[in-house]
Amino acid sequence: MSSYKSDFLNILTERGFIHQCSDFEGLDLKLSTGSQTGYIGFDATADSLHAGSLVQIMMLYWFQKTGHKPITLMGGGTTKIGDPSGKDESRKMLNDATIAGNIKGITWILSVFLKFGYGRNDAKLLNNSDWLENLNYIDFLREYGPHFTINRMMTFDSVKNRLEREQPLTFLEFNYMILQAYDFLELYRRYGVVLQMGGSDQWGNIINGVELSRRKDGAQIFGLTTPLLTTSSGGKMGKTAEGTVWLDEKKLPSYDYYQFWRNTEDADVGRFLKLFTTLPLDEIARLEQLQGQEINEAKKVLAFEATRMCRGEHAAVQAQNTAVEVFEKGSVGADLPFVTIEIDRLKRGASVVDLLVETGLSTSKGEARRLIQGGGARVNDVPVGAVEQTVSISDLSREGIIKISSGKKNHALVKIPA
């Protein structure tokens, strides 16, 4: 058991969220004196967040649940610069309309996990373009430039890693860390923000903000980071062989989202239950003790709870029921992704290769052919014997459905018009 005065730090420590803090004792004291305001920044590089962002989102969730006020800062300004952290090349330049659309999508996702409003600890949405867009470049450099040295900035991992790999780091990107530090100062001045949270790759940027605010305003503010999260096999969180695990249902069906968690590696189940669900720790400890085939029960709990938090109770129940139908009863789940094709196409014989691509089970015809050649493609649970194989009317079930599978865990349906 941790022994902090503040509930927030106790919960984060017990659940495995914490990697670094600029001043544990000072932050603990500050948080134990009453409601405080903290933030995490999200650059608008896509119209949804993915599972790799969930650790930060859950930090904000627990921050609010323990009586504090979370701020979600949209990087309307910094998105135009591009954060070099963890990147080997410059980000693609986005126009204002794309950034605005991305912010709208990200805001919707965040509202699923956080309560926004005007109450004392209701979450608040801000956009750093409100202060960054109007900066006078010369005045800004004279005012804040002297507080940053090139020598120190060259020691940050985001800079060192790019240079060590002999990848160019533009002057545009080099400015990003200064702007993020300035964000923290502006938020302290405007809203009394005392804490910035983020992933460990943001540590240098966060500390820049802590030091800048101390030098300019004598502020006592803090930085807190989470560990870099990977799977036990070294995979990147939020990415699979099939692609990005998006939080938005329009970009990834709830059944696929559920299956992502259901397929968690055995060694990660307990850790992920602590990070990505709100289950009590004693219940998680019980689930962690399960061994052998019983570990699948813990994975089902993880999948249901993680899906419930992101997609809601109804979606979680539907996904769970579909998984039971597909994997335990051997039937066809109604919630599986599907494509509709004309009956005439089936009469002529529809290529399995084409259907694997159309249903999203393969990203290309070449990948579909390799899947078939490797014995991984199935039609109605029967292995596909040849690359040239087609499906026809005779393959339709009584419900007018053909089940297409990639491996044992990825399935889709082919339907004919009603």
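All values derive from a computational prediction rather than experimental measurement.

Attention shifts here to the overall build of the protein chain. Scanning the protein chain from N- to C-terminus turns up 19 helices and 15 strands. With the principal axes as the frame, the protein chain shows a C-alpha extent of 75 × 45 × 40 Å. Buried residues in the protein chain amount to 49% of all 418 residues. Long-range contacts, defined here as pairs at least 24 residues apart, represent 73% of the contacts in the protein chain between residues at least 6 apart.

What follows covers helix 15 (residues 295-311). Given 3.6 residues per turn, any residue in an α-helix points the same way as the ones three and four places further on. With 17 residues, helix 15 should reach 24 Å at 1.5 Å per residue; the first-to-last C-alpha distance of 24 Å fits that figure. With 13 of its 17 residues buried, helix 15 lies for the most part within the structure. After helix 15 finishes, the residue G312 shows a positive phi value of roughly 100 degrees.

A separate point is the pairing of strand 15 (residues 410-415). Each regular strand carries side chains that alternate between the two faces of the sheet. Pairing geometry for strand 9 (residues 338-340) and strand 15, over 3 bridges, is parallel. What sits directly across from F338, in strand 15, is L413. In this sheet, strand 15 lies alongside strand 14 (residues 401-406) in antiparallel orientation, the contact comprising 6 bridges. Each residue of the ladder has a partner; that of I404, found in strand 15, is A412.

Another aspect to go through is the packing of aromatic side chains. For the structure shown, the criterion picks out 12 aromatic pairs. Between Y257 and W261, the aromatic rings sit 6.1 Å apart at their centres with planes inclined by 75 degrees, giving edge-to-face as the arrangement. With Y257 and W261 both in helix 12 (residues 254-262) and 4 residues apart, the pair spans about one turn of that helix. A relative accessible area of 0% means that Y257 is categorised as buried. For the pair W261 and F272, a centre-to-centre distance of 6.1 Å together with 85 degrees between the ring planes defines the contact as edge-to-face.

Rules behind the numbers
- Residues numbered from 1 in each chain as written.
- Predicted model: local features only at pLDDT ≥ 70, side-chain atom pairs only at ≥ 80, totals over all residues.
- Heavy atoms only, no water.
- Helix = DSSP H or I, 4+ residues; strand = E, 2+ residues; numbered from the N terminus.
- Buried < 20%, exposed > 50% of the residue type's maximum accessible area, 1.4 Å probe, protein only.
- Contact = heavy atoms within 4.5 Å.
- Expected span 1.5 Å × (residues − 1).
- Pairing = 2+ DSSP bridges.
- Phe/Tyr/Trp six-rings, centres within 6.5 Å; stacked < 30°, edge-to-face > 60°.

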